[in-house]
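Residue-level structure breakdown
What follows is each chain in one-letter form.
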Protein chains: 2
Amino acid sequence: MVDIASRVYNHTWKIDPIVRSLIDTDFYKLLMCQSVHKGHPDTHVTFQLINRATHIPLAELVDEGELREQLDHIRTLSLARGESTWMRGNTFYGQRQMFRPEFMEWFEKLRLPPYHLERVGDQYELTFEGPWPEVMLWEIPALAVLTELRSRAVLRDMKRFELEVLYARAMTRLWEKAERLRALPGLKLADFGTRRRHSFLWQDWAVQAMVERLGDAFVGTSNCLIAKNRDLEAIGTNAHELPMVTAALAPDDAALARAPYDVLADWHEEHSGNLRIILPDTFGTKGFLDNAPDWLAGWTGIRVDSGDPVEGAELAIRWWESRGENPRDKMVIFSDGLDVDEIERLHGMFSGRVRVSFGWGTLLTNDFRGLAPDDALAPFSLVCKAVAAEGRPTVKLSDNPAKAMGPVDEVERYKRVFGVGEQVEREVVV
Amino acid sequence: MVDIASRVYNHTWKIDPIVRSLIDTDFYKLLMCQSVHKGHPDTHVTFQLINRATHIPLAELVDEGELREQLDHIRTLSLARGESTWMRGNTFYGQRQMFRPEFMEWFEKLRLPPYHLERVGDQYELTFEGPWPEVMLWEIPALAVLTELRSRAVLRDMKRFELEVLYARAMTRLWEKAERLRALPGLKLADFGTRRRHSFLWQDWAVQAMVERLGDAFVGTSNCLIAKNRDLEAIGTNAHELPMVTAALAPDDAALARAPYDVLADWHEEHSGNLRIILPDTFGTKGFLDNAPDWLAGWTGIRVDSGDPVEGAELAIRWWESRGENPRDKMVIFSDGLDVDEIERLHGMFSGRVRVSFGWGTLLTNDFRGLAPDDALAPFSLVCKAVAAEGRPTVKLSDNPAKAMGPVDEVERYKRVFGVGEQVEREVVV
């Protein structure tokens, strides 16, 4: 039976919107947004798209008109009633009313601010400027739109049957990953793959596959819309943009040196328990931990997001021990470039020594490597970062110089202030 | 959009019929049926289901009521107008009007005769008795029904998501087989998998996958309904039942020894070109070829359906050479228990020496090995054979004693008459 109505309906869409909800974003964005909305509502920031994979000619692959349509569509979105109800009424990390009424009132009225798009050679310059709490919400949807438009550009040339086989193969691959992960005793794993997902529908499927196969070992998803629709835990705490912007605003070196701790002191006031996760690598993990105040050692855990993950976790363990804490009570969340081999390895090395957890991103939601001609669906490293605050450039050092960003002289200054020495460069795959 | 009408419609089916058309059968059945209808319209035969895989308790797995419903449904079928048009108007093997008007008139009026079903232990005894041209048409649908009912019994316990993953994995496996076959230069391959298919829809998908990936290397399908619906060549010539029934009717040893050649003499009158394919193994390939009349060496090719396929093909090559024929002009069709490894091996060994072709059956249309718990979807060896003609038992020797059938004393007599010595037993996988 041909469902004529559906068919006609599907063909009357002006566009097929990629992002259809303001909560189709990472949970930590909303948490951070609430903090920023309270503490820095008027700070003027600039976010910028950065394609680390310069060999991918994004502007050749993705039509500018389509990109504008998708971004314009996101600017028409506002928080839906059911979404607001979910944010106000749901329990996050065991806590009710995580989102305060004054934040929710602001968020319910919000529309995303304008974007600036320009083609430069075979790449796009895409920037967002304005008040920090508004602009920061562009990061995830902008990345999701570009990544999915690139997928669509490749898929457009494929026949119906090829598409069926493509997704069958991708499903098989993901299922086999889940089978392997299932064998890991005590595994805790969450989906962190919104920003670089193959598509929204695929992320949604990937999350369901994890729920089906991993059961309780799958603790939730960073994607709020999927968490809401599928009745899962929304997962996430905080990210580099908090220390980066705060550091950029610091008037002198002494304030700069304090900035990453000031940020976490605010977070300490706001949040407790499993939301107290240190992200130590913004300006180098080692210096950050060496100089950290003792109250930070009381936090629940640490997220290892760059550099050698084994070194990062060992550093954290030694640090906790040096501060009289028992690492067995502490959580280490690995979230950098994970795939099954690496998850197995890290799980094997650190289970029992700390509470291990994984934030699995791109290779959960976008592992289409080898599935299209010329590997045209392979994921690539696209980010959207705060590059300036009140006209001052931001800096990120990270534990991998390949992920560092900022003007050269500022990078040097930060390295001096934070005591960062030699670093080992590691390939950034995704 | 929920298509309420479709949903309601799907739930109002009394059963979900497995065989919905009299041409959902192998092409060679229709060709042979026409010959039998002309030459032996009143010969009384018995066909019987034989589960060679006695470890599969078919009667435990498949509900008797459901089996009866499916078989009863088949008895309600008659040739549809479009099906008749296709048979009458289509070109088969380059020839128009392959099916004669008097046969079509009979076939258009046909309903399949009654069946006899009894449960014996954990197996079914399923037999069909009556005029040969009617009874013979039960073989393929009976096998398809039992095989698919067994699939359904396993699938019934699976959740929607598991089913999605199951088929994704099966599709991926089949696609990877097609990828490998695609690399074989000059490959010629047809679907012979109707009788032991996982399901009708899956066979249909498998055929489409071959069309998509193999292009002209995929020469067609033995399934008439799929050939019609997908505009493909219907493939097939003749099978063991012709010599088996004819031999059973032979009044003495001399007539018995002549029977397999008499059958082919009739076929010679009826058909030419690529339909002149010898199936030599019914009573042992070697004796059959040694004693064959010269005109048979003029036939287009040979089908190797049991025993060591390399020996079978080498035997044919030597035979053609001994009769002054050039093997390079001859076709060898391999059709016994094939999968990709074996196809690659035989293609590599015989390409260039003969015109190689493959009739790929069960592991094309039912390779679900390892995809369900307890391997409950693995294919198994189920056949439906002519066991008696005019009250006399039939015999098949084959080139593999594991495939032999018939009463012991008759088997001995046939071995003596056809000069069959020692045979090597080979495992019958599918």
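Residues numbered from 1 in each chain as written. Chains lettered and ligands numbered in written order. Predicted model: local features only at pLDDT ≥ 70, side-chain atom pairs only at ≥ 80, totals over all residues. Heavy atoms only, no water.

As recorded in an unreviewed UniProt entry, chain A goes by Nicotinate phosphoribosyltransferase and comes from Maritimibacter harenae. We quote the UniProt Function (unreviewed entry) comment for chain A here in full: "Catalyzes the synthesis of beta-nicotinate D-ribonucleotide from nicotinate and 5-phospho-D-ribose 1-phosphate at the expense of ATP." Here chain A is described in UniProt, under the heading Pathway (unreviewed entry), as follows: "Cofactor biosynthesis; NAD(+) biosynthesis; nicotinate D-ribonucleotide from nicotinate: step 1/1." (UniProt positions renumbered as here; feature names shortened; annotations may be inferred.)

1. Focus on the packing of helix 4 (residues 64–76) of chain A against helix 8 (residues 139–155) of chain A
Residues and elements named next belong to chain A. Where helix 4 contacts helix 8, the two axes come as close as 10 Å, and the packing angle between them is 145°. In the crossing of helix 4 with helix 8, the sense of the turn from one axis to the other is right-handed. Within the contact between the two elements, helix 4 uses Glu66, Leu67, Gln70, Leu71 and Ile74 and helix 8 uses Pro141, Val145, Leu146, Leu149 and Arg152. For the contact of helix 4 with helix 8, the residue count by class is seven nonpolar, one polar and two charged. (Axes fitted to C-alpha atoms, helices over the stretch in contact; angles between N-to-C directions. Helix = DSSP H or I, 4+ residues; strand = E, 2+ residues; numbered from the N terminus. Left-handed = near helix turned anticlockwise from the far one by under 90°. Contact = heavy atoms within 4.5 Å. Nonpolar A, V, L, I, M, F, W, Y, C, P; charged D, E, K, R; others polar.)

2. Here we look at empty space enclosed by the protein
All names here are of chain B. All told, the structure shown has nine cavities of 30 Å³ or more when counted by the stated rule. Of the pockets and cavities examined, the largest cavity occupies roughly 120 Å³. Residue lining of the largest cavity: 15 residues in total, with Pro243, Pro260, Leu279, Thr282 and Phe288 positioned closest to the centre. At the level of secondary structure, the elements contributing two or more residues to the lining of the largest cavity comprise helix 12 (241–249), helix 13 (253–270) and helix 14 (285–290). With three residues, helix 13 is the largest single contributor of residues to the lining of the largest cavity. Looking at the lining of the largest cavity residue by residue, the classes come out as eleven nonpolar, four polar and no charged. (1 Å grid on protein atoms, 1.4 Å probe; cavity = no way out; pocket = protein on both sides within 12 Å on 5 of 7 lines; lining within 4 Å. Points joined across faces, edges and corners; volume = space filled by probe spheres on them.)

3. Focus on the side chain of A:Ser35
Residue placement: A:Ser35 occurs in helix 2 (residues 27–39). Leave out the neighbours within four places in its chain, and A:Ser35 touches A:His40, A:Trp267 and A:Glu270.

4. Some thoughts on the relation of the copies chain B and chain A
Mapping chain B onto chain A is achieved by rotating through 180° and translating by 0.1 Å along the same axis, at an RMSD of 0.0 Å. Here the symmetry operator amounts to a two-fold rotation axis. Of the C-alpha atoms belonging to chain B, the one lying closest to the rotation axis is found on B:Ala168, 2.0 Å away. Both copies present the same face, since 95% of the interface residues in chain B are matched by interface residues at the equivalent positions in chain A. (Least-squares fit on C-alpha atoms with pLDDT ≥ 70 in both.)

5. Observations concerning a nonpolar patch on the surface
A cluster of nonpolar side chains, contributed by A:Val2, A:Ile4 and A:Val8, occupies part of the molecular surface with about 300 Å² of accessible area. In this fold, A:Ile4 is placed in helix 1 (residues 4–11). (Patch = residues over 30% accessible without salt bridge, like charges linked within 9 Å, V, L, I, M, F, W, Y side chains within 5 Å. Areas by Shrake-Rupley, 256 points an atom, 1.4 Å probe, with all protein chains shown as cover. Salt bridge = Lys/Arg side-chain N within 4 Å of Asp/Glu carboxyl O.)

6. Structural notes on the sheet that holds strand 9 (residues 301–304) of chain B
In space, the six strands of this open sheet follow the order 7-6-11-10-9-8 (chain B), with parallel pairing throughout. Whereas interior strands pair on both sides, the edge strands pair on one side only; in this sheet they are strand 7 (218–221) and strand 8 (277–278) of chain B. (Pairing = 2+ DSSP bridges.)

7. What about the pairing of strand 7 of chain B?
Looking along a regular strand, one sees the side chains alternate between the two faces of the sheet. Residues and elements named next belong to chain B. As judged from the three bridges shared by strand 6 (residues 189–191) and strand 7, these two strands associate in the parallel manner. Directly across from aspartate 191, in strand 7, lies its bridge partner threonine 221. The parallel pair strand 6 and strand 7 is bridged by helix 10 (residues 200–214), and the resulting crossover is right-handed. (Right-handed = clockwise from strand over helix to strand, strands pointing away.)

8. Topic: the packing of helix 5 (residues 81–89) of chain B against helix 6 (residues 101–109) of chain B
All names here are of chain B. Following both chains from N to C, one finds helix 5 and helix 6 inclined at 165°, their axes separated by 11 Å at the closest point. Here helix 5 is positioned roughly antiparallel relative to helix 6, judged by the angle of their axes. Viewed along their axes, helix 5 and helix 6 form a crossing whose handedness is right-handed. Judged by residue contacts, Ser84, Met87 and Arg88 of helix 5 engage Pro101, Phe103, Met104, Glu105, Phe107 and Glu108 from helix 6. Across the contact of helix 5 with helix 6, the residue classes break down as five nonpolar, one polar and three charged. (Parallel < 35°, antiparallel > 145°, perpendicular 65-115°, else oblique.)

9. Observations regarding the UniProt feature "modified residue: Phosphohistidine" (unreviewed entry) in chain A
Residue and element names in this part refer to chain A. What UniProt calls "modified residue: Phosphohistidine" (unreviewed entry) maps, in this numbering, to His240. You can see histidine 240 is positioned in the loop between helix 11 (224–230) and helix 12 (241–249). When its relative accessible area of 5% is taken as the criterion, histidine 240 is described as buried. The residues touching histidine 240, leaving out its near neighbours within four places in the chain, are Leu279, Asp281, Thr282, Asp305, Lys385 and Lys396. (Buried < 20%, exposed > 50% of the residue type's maximum accessible area, 1.4 Å probe, protein only.)

10. Notes on the interface of chain B and chain A
Many structure descriptions define interface size as the accessible area lost when the parts assemble. Between chain B and chain A, the contact holds 20 residues from the first and 19 residues from the second. Across the interface of chain B and chain A, roughly 1,900 Å² is buried in total on both sides, 69% from carbon and sulfur atoms. Here A:Lys159 and B:Glu212 are joined by a salt bridge, their closest N and O atoms 3.3 Å apart. Mapped onto the side of chain B that touches chain A, the elements with two or more residues apiece are helix 1 (4–11), helix 9 (160–182) and helix 10 of chain B. Top element by residues in the side of chain B that touches chain A is helix 9 of chain B. It accounts for ten residues. Class assignment of the residues belonging to the side of chain B that touches chain A gives a composition of ten nonpolar, three polar and seven charged. (Buried area = accessible area lost by both parts, 1.4 Å probe.)

11. Concerning the domain arrangement of chain A
All names here are of chain A. For chain A, the domain assignment lists domain 1 (15–156 + 382–407) and domain 2 (168–365). Here the C-alpha centroids of domain 1 and domain 2 sit 20 Å apart. Between domain 1 and domain 2, the contact holds 55 residues from the first and 45 residues from the second. Area buried by domain 1 at its contact with domain 2 is led by Tyr28, Tyr93 and Asp399, which between them contribute 16% of it. Our count for the contact surface shared by domain 1 and domain 2 stands at six salt bridges. Lysine 403 is paired through a salt bridge with aspartate 336; the nearest N and O atoms lie 2.7 Å apart. At the level of secondary structure, the elements contributing two or more residues to the side of domain 1 that touches domain 2 comprise helix 2, strand 1 (44–51), helix 5 (81–89), strand 2 (91–92), helix 8, strand 12 (382–389) and strand 13 (392–393). Per-element accounting of the side of domain 1 that touches domain 2 gives the leading share, nine residues, to helix 2. Taken together, the residues that form the side of domain 1 that touches domain 2 break down as 29 nonpolar, 13 polar and 13 charged. (Domains from an automatic or database assignment.)

12. Considering the sheet that holds strand 4 (residues 115–120) of chain A
Residue and element names in this part refer to chain A. Overall, antiparallel pairing links the five strands, which are arranged 4-5-1-12-13 in an open sheet. Only two strands of the sheet have a single neighbouring strand rather than two, namely strand 4 and strand 13. Those strands touched by helix 8 are strand 1, strand 5 (123–131) and strand 12, and its axis lies near 145° from that of strand 12.

13. A word on the UniProt feature "domain: Nicotinate phosphoribosyltransferase N-terminal" (unreviewed entry) in chain A
As recorded in UniProt, the sites labelled "domain: Nicotinate phosphoribosyltransferase N-terminal" (unreviewed entry) are residues 23–146 of chain A. As annotated, residues 23–146 of chain A comprises 48% helix and 22% strand, and the C-alpha atoms at either end are separated by 18 Å.

14. A few points about the pattern of salt bridges
Within the structure shown, the criterion is met by 70 salt bridges over all chains. The partner of B:Glu344 in a salt bridge is B:Arg180, and the shortest N-O contact between them spans 2.8 Å. With B:Glu344 in helix 17 (residues 340–350) and B:Arg180 in helix 9, the pair connects residues that are 164 residues apart, well separated along the chain. Assessed through its relative accessible area of 26%, B:Glu344 is described here as partly exposed. Salt bridges here are not isolated pairs; linked through shared partners, they connect A:Asp26, A:Lys29, A:Glu139, A:Arg195 and A:Glu241.

15. Some remarks on the pairing of strand 11 (residues 355–360) of chain A
All names here are of chain A. Most of strand 11 sits out of view: five of its six residues are buried. Here three bridges tie strand 6 (residues 189–191) to strand 11, and the two strands are oriented parallel to one another. Each residue of the ladder has a partner; that of leucine 189, found in strand 11, is phenylalanine 358. With four bridges connecting them, strand 10 (residues 331–334) and strand 11 associate as parallel partners. The residue bridging methionine 331 from the neighbouring strand is arginine 355, located in strand 11. For the segment spanning strand 10, helix 17 (residues 340–350) and strand 11, crossover handedness is right-handed.

16. Topic: the environment of A:Trp320
Here A:Trp320 lies in helix 16 (residues 309–322). The residues contacting A:Trp320, other than those within four sequence positions of it, are A:Ala297, A:Gly301, A:Ile302, A:Glu325, A:Pro327, A:Lys330, A:Met331, A:Val332 and A:Val354.

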